[in-house]
Amino acid sequence: MPKTWKTKLIHPDAHAPEGFSSLAPATHRGSTVLFPNAAAVQDTWDQHAVGYTYGLYGTPTTLELAARICELENGYRTFITPGGQAAISLINFAFLKTGDHILVPESIYYPNRKFSVEVLERFGIEVSFYPPTIGAEISSLFRKNTHLVWCESPGSISMEVQDVPAIAAAAHKAGVLVVLDNTWSAGVYFDAFAHGVDVTMQALTKYVGGHSDILLGSITVRDDAAYQKIGLAHQLLGCAASPDDCTLALRGLKTLAVRLAAIEKSALVLAQWLSARPEIELVLHPALPSCPGHELFKRDFTGSTGVFSLVFQKNFTKEQVHAFVNNLALFKIGYSWAGVTSLAVAYDFGSRPDRPDYGARIVRLNIGLEETSDLQSDIEQSLRRMAQS
Ligand SMILES: *Cc1c(COP(=O)(O)O)cnc(C)c1O
């Protein structure tokens, strides 16, 4: 069939040479997926069962990242979402219905808490918050309609390490599903499924991405029943992730081990040094005995990462704590940790009865890949100026 140059723009006869082989995974973009014939057309999300049908359910790039995360977490299957928060909301939509009750730790990532209160309660789901260090005692909070318990270990900002195996054992006895936000451990330093968790999620935005330039999340399941529920919700909520971002996450995986090793070492040096400083009341780093749940960390984790918090002595005001953060030169101020740049954020727990009594004296640090001694000098100069202010 003859073609004009305009049609050739869409249906070219020219092609690049075949046979390219490289170390970089290809970025497969695509909404439309081509079928070989009319009868083969189907709109089914389970690409493992039916092959590729539509870009929303993943291209080879998305599904390669999913398979790689699944392999690292020792799961059954993984879904990739546009961000960690999307993974959280998707899990809730997949498993919950009106009349259910869920348990959420007081130390949960704040937008997860907010989703429970702002969205789940609006849909008639009962939400209770529990102390993160509750352990097996959680069984006393189960109701007839308790369907799911969230865990996050260590918790956001206040860093309590949870007794996940004890919570999981109690939950399973009551037929309750256990979901873990495993972002801090990068999915590699806490083997969630070996410790009884049913569903994990991670913000791949953090350590897997590793360079503060993408937003992605993952959900990993341990069995086919959860796979089917998450898969349907993933389709119906339309949680497509960008293949371009997946390529960056696949690149991030190649250096994850060396980045984590360097970050762990640096964070431990700084956390230990800070715990001896007179300005600091408490260092909340899971590998230090001053962190709630430290014994559980030693029992259950195989390594630590670079996010921990400092609680200043009671005599320091909020203004002084802000001055400490503002006077840091290498540490920048901003959310979304786990990149190569060190960050510091001051928080104010106010007088909330459900949070530890840290007031406005708590600062969370993200340790990046700068030289440890330079980071230490930076913190030291800022502490000195803080004491003088
Ligand atoms: C950042 C974060 C999330 C959310 O991830 P996004 O990709 O930013 O949506 C969820 N949980 C924890 C613990 C996080 O730190």
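As a starting point, this report considers the structure included with it. Here the structure is a predicted model, which is why all the values come from computation and not from measurement.

So, the site of the ligand
Right, so step 1: Within the structure, the ligand sits among 15 residues, and G84, Q85, D181, T205 and K206 are positioned closest to it.
Right, so step 2: Taking Q85, its main chain carries an N or O atom lying 2.8 Å from an oxygen atom of the ligand.
Right, so step 3: Between the ligand and the protein, one listed contact pairs an oxygen atom with a side-chain N or O atom of K206 at 2.6 Å.
Right, so step 4: Burial of the ligand by the protein amounts to 90% of the accessible area it has alone, namely 380 Å².
Right, so step 5: Put simply, the ligand lies in the largest pocket.

Focus: empty space enclosed by the protein
Right, so step 1: Tallied over the entire structure, the rule returns 2 cavities of 30 Å³ or more.
Right, so step 2: The calculated volume of the largest cavity comes to roughly 190 Å³.
Right, so step 3: Of all elements in the fold, only α2 (47-50), α3 (60-73), β1 (77-81) and α7 (224-237) reach the threshold of two or more residues within the lining of the largest cavity.
Right, so step 4: Among the elements that line the lining of the largest cavity, the one with the most residues is β1, at 4 residues.
Right, so step 5: Looking at side-chain class alone, the lining of the largest cavity contains 11 nonpolar, 8 polar and 2 charged residues.
Right, so step 6: Size it by volume and the second largest cavity reaches roughly 40 Å³.
Right, so step 7: Taken together, G334, W337, L343, V345, R364, L365 and N366 make up the lining of the second largest cavity.
Right, so step 8: Listing elements by their share of the lining of the second largest cavity, those giving two or more residues are β10 (343-347) and β11 (362-366).
Right, so step 9: Among the elements that line the lining of the second largest cavity, the one with the most residues is β11, at 3 residues.
Right, so step 10: Grouping the amino acids of the lining of the second largest cavity by side-chain chemistry returns 4 nonpolar, 2 polar and 1 charged.

Reading guide: rules and limits
- Residues numbered from 1 in each chain as written.
- Predicted model: local features only at pLDDT ≥ 70, side-chain atom pairs only at ≥ 80, totals over all residues.
- Heavy atoms only, no water.
- Near = heavy atom within 4 Å.
- Polar contact = N/O pair within 3.5 Å; in protein donor to acceptor, adjacent residues only side chain to side chain.
- Areas by Shrake-Rupley, 256 points an atom, 1.4 Å probe, with all protein chains shown as cover.
- 1 Å grid on protein atoms, 1.4 Å probe; cavity = no way out; pocket = protein on both sides within 12 Å on 5 of 7 lines; lining within 4 Å.
- Sits in = over half its atoms within 2 Å of the grid points.
- Points joined across faces, edges and corners; volume = space filled by probe spheres on them.
- Helix = DSSP H or I, 4+ residues; strand = E, 2+ residues; numbered from the N terminus.
- Nonpolar A, V, L, I, M, F, W, Y, C, P; charged D, E, K, R; others polar.

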